[in-house]
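Chains, contacts and geometry: an overview
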Amino acid sequence: MPAQILDGKALAKKTEQELAQRVADLKARSNGQAPILATILVGDDPASATYVKMKGNACERIGMESLRIELPASTSTDELLAKIDELNNDPNVHGILLQHPVPEQIDERRCFDAISLEKDVDGVTCLGFGRMSMGEEAYGCATPKGIMRLLEAYDIELEGKHAVVVGRSAILGKPMAMMLLGANATVTICHSRTKNLPELVRQADIVVGAVGRPEFIKADWIKDGAVVVDAGYHPEKVGDIELEPLVDRVSAYTPVPGGVGPMTINTLIYQTVESGEKSIGQ
Ligand code: NAP
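Residues numbered from 1 in each chain as written. Predicted model: local features only at pLDDT ≥ 70, side-chain atom pairs only at ≥ 80, totals over all residues.

If you look the protein up in an unreviewed UniProt entry, it shows as Bifunctional protein FolD from Marinimicrobium koreense. The record held by UniProt for the protein lists under Pathway (unreviewed entry) the comment "One-carbon metabolism; tetrahydrofolate interconversion." Looking at the protein in UniProt, the text filed under Function (unreviewed entry) is "Catalyzes the oxidation of 5,10-methylenetetrahydrofolate to 5,10-methenyltetrahydrofolate and then the hydrolysis of 5,10-methenyltetrahydrofolate to 10-formyltetrahydrofolate." (UniProt positions renumbered as here; feature names shortened; annotations may be inferred.)

In terms of helices and strands, the protein carries nine helices and nine strands. Across its three principal directions, the C-alpha atoms of the protein cover 55 × 45 × 35 Å. Counting over 282 residues, the protein shows a buried share of 45%. Sequence-distant contacts, at least 24 apart, represent 68% of the contacts inside the protein between residues at least 6 apart. (Helix = DSSP H or I, 4+ residues; strand = E, 2+ residues; numbered from the N terminus. Buried ≥ 20, exposed ≤ 12 C-beta atoms within 10 Å, placed from the backbone. Contact = placed C-beta atoms within 7 Å.)

Pairing geometry for strand β2 (residues 36-42) and strand β3 (residues 65-71), over seven bridges, is parallel. When the sheet's bridge partners are listed, I36 is paired in β3 with E65. Once the chain exits β2 it traverses helix α2 (residues 46-61) before rejoining the sheet at β3, and the crossover so formed is right-handed. (Pairing = 2+ DSSP bridges. Right-handed = clockwise from strand over helix to strand, strands pointing away.)

So, on to the sheet that holds β2. The strand order β3-β2-β4 describes an open sheet built from three strands, whose pairing is parallel. Where the open sheet ends on each side, the last strands, each with one partner, are β3 and β4 (95-98). Sheet twist, expressed as the mean angle between neighbouring strand axes with direction ignored, is 20°. Here β2 runs beside β4; their pairing, made up of four bridges, is parallel. Each residue of the ladder has a partner; that of A38, found in β4, is I96. In the packing of α2 onto the sheet, contacts are made with β2, β3 and β4, and the angle to β2 comes to roughly 170°. (Axes fitted to C-alpha atoms, helices over the stretch in contact; angles between N-to-C directions.)

A word on the UniProt feature "domain: Tetrahydrofolate dehydrogenase/cyclohydrolase catalytic" (unreviewed entry) in the protein. As annotated in UniProt, the feature "domain: Tetrahydrofolate dehydrogenase/cyclohydrolase catalytic" (unreviewed entry) corresponds to residues 6-122 in the numbering used here. The span residues 6-122 is 49% helix and 15% strand, and its two end C-alpha atoms sit 22 Å from each other.

In contact at an axis separation of 8 Å, helix α6 (residues 142-153) and helix α9 (residues 260-279) are set at 105° when each is read in the N-to-C sense. By the criterion of interaxial angle, the relationship of α6 to α9 is roughly perpendicular. For the pair α6 and α9, the contacting residues are A142, T143, K145, G146, I147, R149 and L150 in the first and V260, M263, T264, N266, T267 and L268 in the second. (Parallel < 35°, antiparallel > 145°, perpendicular 65-115°, else oblique.)

As a matter of local geometry, the ligand sits amid 24 residues, with S169, H191, S192, G232 and T264 nearest to it. When residues in the shell around the ligand are grouped by element, the largest group, three residues, is from α9. Within the shell around the ligand, the residues separate by chemical class into ten nonpolar, eleven polar and three charged. (Near = placed C-beta within 6 Å. Nonpolar A, V, L, I, M, F, W, Y, C, P; charged D, E, K, R; others polar.)

Attention shifts here to helix α7 (residues 173-182). Counted residue by residue, α7 has eight buried out of ten residues, so it is predominantly covered. G173, K174, P175, M176, A177, M178, M179 and L180 are the residues of α7 that are buried. On its buried face, α7 sits against α5 (126-133), α6, β5 (162-166), β6 (186-190) and β7 (206-209). Once α7 finishes, N184 follows within two positions and takes phi at roughly 70°, a positive value.

On to the sheet that holds strand β9 (residues 252-253). Within the open sheet, the six strands sit side by side as β1-β9-β8-β7-β5-β6. Their pairing is parallel. On the outer flanks of this sheet lie β1 (4-5) and β6, each paired with one strand and no other. Bridge count between β5 and β6: five bridges; the pairing is parallel. Paired with H162 across the bridge in β6 is T186. Relative to the sheet, α7 contacts β5, β6 and β7, its axis offset from that of β6 by approximately 170°.

Now the structure itself:
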């Protein structure tokens with residue numbers, strides 16, 4: 001039987017319609033005030049500039065505003081912290097996105113952690129990660145939270161399943177593993193020092209590829225009937241998992257492109273709307 005396609009593009013589009021309605025309702029209740037996402041881009045990396053632009057465009061599509069802040073590549077940690085502090089204290093700003101990566105002279109972790117919990121709609125702070133891991137309220141890190149929303153929308157059962165997450169980065173692998181654990185999956189986290197990776201992946205009911213290498217996870221490592229989630233995206237239009245030979249023997253998979261990618265931006269705006277609803281018109 002052909003596998004179910006976990007279509008992130010379609011889900012993101014459908015959710016945008018719902019979010020547009022929520023923003024319209026919010027404006028109607030508050031003299032036209034819409035949630036505002038502040039995006040901070042430091043330096044002139046073209047890929048980062050494109051991501052920030054896509055995030056701003058997504059805000060516009062649902063009737064929300066974005067405040068675009070562009071800082072020079074020479075910005076210091078203190079200067080960036082001062083800007084974040086200003087945005088934390090601006091009652092008109094409901095979410096703050098600091099585009100990763102920042103130039104290397106900046107202490108990125110310190111800057112992420114300076115974002116106030118209420119405005120951490122991209123889910124990048126240590127405090128937010130800790131709270132999420134403990135099952136407390138916090139905005140989720142956008143990419144893994146987007147994956148969880150996608151799995152939920154397609155009724156993929158997680159409880160009691162063995163999930164193998166390949167990758168342990170702060171923005172993807174680690175929060176992904178904690179979210180799956182929170183959903184009662186049994187989780188194995190793999191990384192560059194893991195021994196016997198193919199054997200571990202073979203045990204997985206759910207595989208998450210978050211490695212950053214094109215088709216690194218081979219199709220023959222994945223068992224029949226597994227659920228395959230591929231967070232990677234590379235210029236040759238493939239992800240981190242060798243997907244093509246799997247489409248007829250796994251139970252569900254995220255296409256590349258059109259699976260995980262659209263859900264990341266969608267989760268960012270989803271969480272900004274939630275933040276706006278909490279503070280506007282209260
Ligand atoms: P990252 O920070 O480079 O982390 C890669 C992870 O893979 C690390 O934990 C690393 O292990 C592990 N790894 C590297 N080589 C390995 C090997 N030979 N065997 C096992 N594990 C290995 O990357 P990331 O930011 O998490 O991103 C991962 C992927 O997701 C990339 O393809 C990226 O483009 C994609 N991504 C997509 C979105 C989206 O919106 N769609 C967002 C973010 C990222 P160590 O920790 O031991 O070094």
